[in-house]
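Tertiary structure, described
Here is what each chain is made of, one letter per residue.
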Amino acid sequence: MNFEGLDPGLAEYAPAMHSALDPVLDAHLNPSLLQNVELDPEGVALEALPVQESVHIMEGVYSELHSVVAEVGVPVSVSHFDLHEEMLWVGSHGGHATSFFGPALERYSSFQVNGSDDIRQIQSLENGILFLTKNNLKYMARGGLIIFDYLLDENEDMHSLLLTDSSTLLVGGLQNHILEIDLNTVQETQKYAVETPGVTIMRQTNRFFFCGHTSGKVSLRDLRTFKVEHEFDAFSGSLSDFDVHGNLLAACGFSSRLTGLACDRFLKVYDLRMMRAITPLQVHVDPAFLRFIPTYTSRLAIISQSGQCQFCEPTGLANPADIFHVNPVGPLLMTFDVSASKQALAFGDSEGCVHLWTDSPEPSFNPYSRETEFALPCLVDSLPPLDWSQDLLPLSLIPVPLTTDTLLSDWPAANSAPAPRRAPPVDAEILRTMKKVGFIGYAPNPRTRLRNQIPYRLKESDSEFDSFSQVTESPVGREEEPHLHMVSKKYRKVTIKYSKLGLEDFDFKHYNKTLFAGLEPHIPNAYCNCMIQVLYFLEPVRCLIQNHLCQKEFCLACELGFLFHMLDLSRGDPCQGNNFLRAFRTIPEASALGLILADSDEASGKGNLARLIQRWNRFILTQLHQDMQELEIPQAYRGAGGSFCSSGDSVIGQLFSCEMENCSLCRCGSETVRASSTLLFTLSYPDGSKSDKTGKNYDFAQVLKRSICLDQNTQAWCDTCEKYQPTIQTRNIRHLPDILVINCEVNSSKEADFWRMQAEVAFKMAVKKHGGEISKNKEFALADWKELGSPEGVLVCPSIEELKNVWLPFSIRMKMTKNKGLDVCNWTDGDEMQWGPARAEEEHGVCVYDLMATVVHILDSRTGGSLVAHIKVGETYHQRKEGVTHQQWYLFNDFLIEPIDKHEAVQFDMNWKVPAILYYVKRNLNSRYNLNIKNPIEASVLLAEASLARKQRKTHTTFIPLMLNEMPQIGDLVGLDAEFVTLNEEEAELRSDGTKSTIKPSQMSVARITCVRGQGPNEGIPFIDDYISTQEQVVDYLTQYSGIKPGDLDAKISSKHLTTLKSTYLKLRFLIDIGVKFVGHGLQKDFRVINLMVPKDQVLDTVYLFHMPRKRMISLRFLAWYFLDLKIQGETHDSIEDARTALQLYRKYLELSKNGTEPESFHKVLKGLYEKGRKMDWKVPEPEGQTSPKNAAVFSSVLAL
């Protein structure tokens, strides 16, 4: 507000008079104010003025409800209704702020904001109140605590502020600029120049910023650039107040007269649609303040300094009957405000009194106010009784008077000794993950205890606490879960730490220093990652799956083959099983078997992972077996050779199937024999008995034979007796499989105790067998290593650590007897030296199986447990990846891969490491199968295909398929872009230090893929523009960024060229295999979501071509504007436009860098690009704004380089 037209008598209120926090009675105080107010010898009691109980408020008509003294004798400079709570704030000329609660105006808080300057504007925020003084902006809590204090320049004279959004503030005054302040960082972010200085009032609508100047003008400014769009010259003297509502702007002010400034009784009204003035409104009071009060109509409230108030319509005539009078204690009204609900008006006068006028007896200041927090009442007089028998009773609840006498509890030092309670050690996991900032450490909560609770040892005889007090690396709460300290670090569940850059700055190499590829665990139902790795490292299975291709949309064998191809191409980078798991979720049998977990169950580990992975193992083998048999067309299966196929059975059947003969013998003597086959076996343990608990020794071979040749008594149908009878069922084996798969079925403590007991017995026998030759540590002399590597080397005795918890043999020997029996025994290296090579005995029906993989369940209640695999990686894999020929055991824990000793693969500490699945492979298995891989994807996948959409028409076609003479060759350029939709939202949490942590990223699905020709006469014309049909629920179509609209992916209503993901995936796979080079912007994310692994030499990404180290990545839109003079991505993104633009940018890169031969000159071009980007704030100007830099002198000089 402008104070130039106020009463000159106000000059007597010098700021020095009101510098004290508790002002004394002013000499100018009106004596009528002292009625019913008791004076204190030291000052004046600042109590609210009483209101007569007989005040009657008429509904719909504003009347005075309450009056209250804010600060005696000190003029009120500003008033403001709180926008979040039922409170009224007032500020005084002495820099003091006071708040009142509710319509009764009960004093809530009162505090000094500034010691000398008056408070000029107040703005309420969610967490506090902003106060503006002459050159100071202060943000304080509603109770008076300072949140921040921002000092402006001493030469500033600020009068107005405007909150543009929740964190941005505009501050203006008598200078020729307006400041923009970021409330989060409390820093000045922008300074806008103002042509007409003296901005004392600011308003905002959804179209403009409105600035009222002391010269009498009102300027309308753009919301983004703050440039002047229009200007109204309202008054010739000065502006007093203005307000905006809808399409109307009303202003009041002073006009220049011969004798000086005079209050103008004509309100200027402007139509914001036509940007011109309409008929001025003549009023019957001297207007100093005005506000729109749009309750029923667009009413205007016009207030004079003498206390007269008039309501009128801005486009009608003012009626003298609509005038009412406010009775100020002082001579002048200094401030006026309207509540957000329009039910209350607040007036402040020159004697420090506040008047509240309302249109109802019980008004509310806001439509929806939150509850106000009040100070807690004193609880000393209402203390509950305390129970002295409680050990943890807080004695601080008892109020004790201050005394200087000795208390009864003060025992002499001779009779007492300090015995503080010893706190438990800090969780080792917290110490491991702690990051220090100064002397304060931050670590994620391991969630082993409730928040803010620490267990204490209350009794000296607590043996459980003492028994684990010396154990290192054990977490807090180890007395309840003592096994947790045993879990080795590399076996714990690994998680990806997401940052604002996603996965780009996550160091996967820290977890995997090999060239084998891990699998990412954050995808739903990724618990099967370990089993995917096991199948991949089975060489015949890998070759078979990669040679398979059929026309089924969701074929697990096809998707597994695509995933194996990615694992082949990767050089240590992790892969994702997105598409495979997507197909897995669509199979009804998987859901019926309970193999598809909900996200909550998987995160919390509610499911029994050991049972789950064993069911998954049986399911995947059965499903692969069926997929290989279901050949829809003769060319659907394109095997590598005849050895992979056999009539009536699949190669999966040849590898895993075991032919069985089941015999049922009834007690009547009738016998029924039927043949069957199985793909895996389940271990059947001996019945629990007292003799077993004494330490009876069972070889693993004995238990395995019992499980294969199973004898059991059960009820079965007898055709002779024609009823169910007790029968003896026996199972004999006819044919041994090439790969022996065993589900361990350790699902209860009974089976776990059996494994533990057998491992103890085996350990004692091994120690007894080796005698004193066992070493404590596994250390060898140099001579021992030389002998070990020589052809006639001797066997080195194992160490004690290698023999612990071992019951499983590395090899087993199986032999078919002549009477259909089966002999099984453990097979050691010593047995092989004694009996000779096993291959020579195969002619007599002898087979030796070597352990190839073990899948184990890691018990860890903190993370819900996890599944890991020990895999013996063969020579061919090492030859392809590392160029060496040897075999090595590895631990596969999602994306953590680490070489291990072979004994670690068979050591099972049943407290935390439980076996789930075993894979034994027949020796020299690879020599029996053709391991050649022929790429089953042919060029025909790029030819024209029908759309799934029913409404698709040729007129809607956006691409031209490749002709036979246009088939891409190695090194050809292809422009690529993809658009995505969101299937699951991101899950994140806010840490205690205020930083955001992503727990689970959003799950994206590819929705559109576009490929354009990169050379030839049709360069830039798309040959692939596929919309991907999806059966999963889409949470967000991201239309603004993807251009995908609801219905585009629905085959029933879509007008786009709709295909399956598998169909488009095959096209891209063919292009990758043929050796084309993809040009695009941000291709790393595109390929990641599509689930493709592309060699780095086949990717030309403009994000990195136009990037300087340690600088920000630049958007495609800005690069296109800067280098190509193109305006793209206006309203939404279009993948065809983006792919073409990326191709043009690549051509521009070759032109500027002289095909990469002049890196220094191109570096100067990039410097110019980044300088221009910083000046433009990386935003492309509007069409009427700044032109492309191609016409600028700076750009021309850069090109001249």
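The rules behind the values
- Every chain is numbered on its own, with residues counted from 1 as its sequence reads.
- Given that this is a predicted model, residues contribute local features only at a pLDDT of at least 70 and side-chain atom pairs are listed and counted only at 80 or more, while totals for whole chains, interfaces and linings are drawn from all residues.
- Neither water nor hydrogens contribute to the side-chain values; these are computed over all heavy atoms in the structure.
- UniProt positions are given in the numbering used here, feature names are shortened, and annotations may be inferred rather than shown by experiment.
- What makes a salt bridge here is a side-chain nitrogen of Lys or Arg within 4 Å of a carboxyl oxygen of Asp or Glu, nothing more.
- Strands here mean DSSP runs of E at least two residues long; helices mean DSSP runs of H or I at least four residues long; both are numbered from the N terminus.
- Any residue under 20% of the maximum accessible area for its type is buried, any over 50% is exposed, and the rest in between are partly exposed; the area is computed with a 1.4 Å probe on protein chains only.
- Here, any two strands with at least 2 DSSP bridges between them count as paired.
- In this analysis, axes come from line fits to C-alpha atoms, helices being fitted only over the stretch in contact, and the angle between any two N-to-C directions falls in the range 0 to 180 degrees.
- It only takes one pair of heavy atoms within 4.5 Å for two residues to be counted as in contact.
- As used in this structure description, the phrase polar contact means that two N or O atoms lie within 3.5 Å; if the pair is within protein, one of them must be able to donate a hydrogen and the other to accept it, and residues adjacent in sequence are counted only when both atoms belong to side chains.
- Helix span is expected to be 1.5 Å times the residue number reduced by one.
- In what follows, roughly perpendicular refers to angles from 65 to 115 degrees, roughly parallel to angles under 35, roughly antiparallel to angles over 145, and oblique to any angle outside these ranges.
- By definition, any crossing whose near helix is turned counterclockwise from its far helix by less than a right angle is left-handed, and any crossing with a clockwise turn is right-handed.
- Note that Gly is not counted as nonpolar here; it falls among the polar residues with everything else outside the nonpolar set of Ala, Val, Leu, Ile, Met, Phe, Trp, Tyr, Cys and Pro and the charged set of Asp, Glu, Lys and Arg.
- The arc in question is formed by the directions pointing from the helix axis toward the C-beta atoms.

By the naming in an unreviewed UniProt entry, the chain is PAN2-PAN3 deadenylation complex catalytic subunit PAN2, taken from Gorilla gorilla gorilla. The UniProt entry for the chain carries the following text under Catalytic activity (unreviewed entry): "Exonucleolytic cleavage of poly(A) to 5'-AMP."

Another aspect to go through is the pattern of salt bridges. Inspection of every chain in the model, using the stated rule, returns 36 salt bridges. Arg370 serves as the salt-bridge partner of Glu85, at 3.1 Å between the closest nitrogen and oxygen. On the criterion of sequence distance, the pair formed by Glu85 in the loop between strand E4 (76–81) and strand E5 (87–92) and Arg370 in the loop between strand E32 (353–358) and helix H1 (428–433) is long-range, its members being 285 residues apart. On the basis of relative accessible area, Glu85 is assigned to the buried category, the value being 6%. For Arg370, a relative accessible area of 33% corresponds to the partly exposed category. Among the charged side chains, a network of salt bridges with common partners joins Asp82, Glu85, Arg142 and Arg370.

Moving on: the sheet that holds strand E17 (residues 208–213). If you walk across this open sheet you meet the 4 strands as E16-E17-E18-E19, and the pairing is antiparallel. Edge positions in the sheet fall to strand E16 (199–204) and strand E19 (228–233), since each of these pairs with one other strand and no more. Going across the sheet, the axis of each strand differs from the next one's by a mean of 20 degrees, ignoring polarity. In this structure, strand E18 (residues 217–222) lies alongside E19, joined through 5 bridges in antiparallel fashion.

Right, let's talk about unusual backbone geometry for a bit. Non-glycine residue Lys342 carries a positive phi angle of around 65 degrees. Inspection of the secondary structure assignment puts Lys342 in the loop between strand E30 (333–338) and strand E31 (344–349). On the accessibility criterion, Lys342 (24% relative accessible area) is partly exposed.

The next point concerns the UniProt feature "binding site: a divalent metal cation" (unreviewed entry) in the chain. Under the UniProt annotation, "binding site: a divalent metal cation" (unreviewed entry) lies at Asp977, Glu979, Asp1086 and Asp1138. The largest pairwise C-alpha distance within this set of annotated residues, which runs over 162 residues, is 12.9 Å, so the set is compact in three dimensions. Mapped onto the elements, Glu979 comes out in strand E48 (residues 973–984). Residue classification places Glu979 among the buried positions, given a relative accessible area of 6%. Apart from residues lying up to four places away in sequence, Glu979 is in contact with Ser1005, Val1006, Ala1007, Arg1008, Tyr1041, Ser1042, Ile1044, His1133, Asp1134, Ser1135 and Asp1138. Relative to the elements of secondary structure, Asp1138 occurs in helix H24 (residues 1135–1152).

So, on to the side chain of Asn893. Mapped onto the elements, Asn893 comes out in strand E45 (residues 888–893). Among the polar contacts listed, one links the side chain of Asn893 to the backbone oxygen of Lys490, at a separation of 3.0 Å. Those residues in contact with Asn893 that sit more than four places away from it in its chain are Lys490, Tyr491, Arg492, Val494, Leu867 and Val868.

With 18 residues, helix H25 (residues 1159–1176) ought to run about 26 Å at 1.5 Å a step, and its terminal C-alpha atoms sit 26 Å apart, in line with that. Among the residues making up H25, those that are buried are Ser1161, Phe1162, Val1165, Leu1166, Gly1168, Leu1169, Tyr1170, Lys1172, Gly1173 and Met1176. With its phi angle positive at about 55 degrees, Asp1177 sits one or two positions after the end of H25.

The next subject is the packing of helix H3 (residues 529–536) against helix H9 (residues 609–629). Where H3 contacts H9, the two axes come as close as 10 Å, and the packing angle between them is 40 degrees. In terms of axis orientation, H3 runs oblique to H9. The element H3 and its partner H9 pack so that their crossing is right-handed. For the pair formed by H3 and H9, the contact residues are Cys530, Met531, Ile532 and Leu535 on the first element and Ile613, Trp616, Asn617 and Ile620 on the second. Tallied by class, residues from the contact of H3 with H9 come to 7 nonpolar, 1 polar and no charged.

Every buried residue belonging to helix H21 (residues 1083–1090) is among Leu1083, Asp1086, Phe1087, Val1089 and Ile1090, and all of these are buried. All buried residues of H21 fall inside an arc of 165 degrees around its axis, so they share one side. Tucked into the core, H21 has its buried residues touching helix H6 (578–585), E48, strand E51 (1003–1013), helix H20 (1061–1074), strand E54 (1077–1080) and strand E55 (1099–1101). Count one or two residues on from H21 and you reach Asn1091, which has phi positive near 80 degrees.

Attention now moves to the sheet that holds strand E15 (residues 187–193). Across the sheet, which stays open at both edges, the 4 strands sit in the order E12-E13-E14-E15 with antiparallel pairing between neighbours. Each having just a single partner strand, strand E12 (158–165) and E15 make up the two edges of the open sheet. Ignoring strand direction, the axes of neighbouring strands in this sheet form an average angle of 25 degrees. Examined bridge by bridge, strand E14 (residues 177–182) and E15 share 6 bridges and lie antiparallel to one another. Considered in E15, the bridge of Ile181 is made with Glu188.

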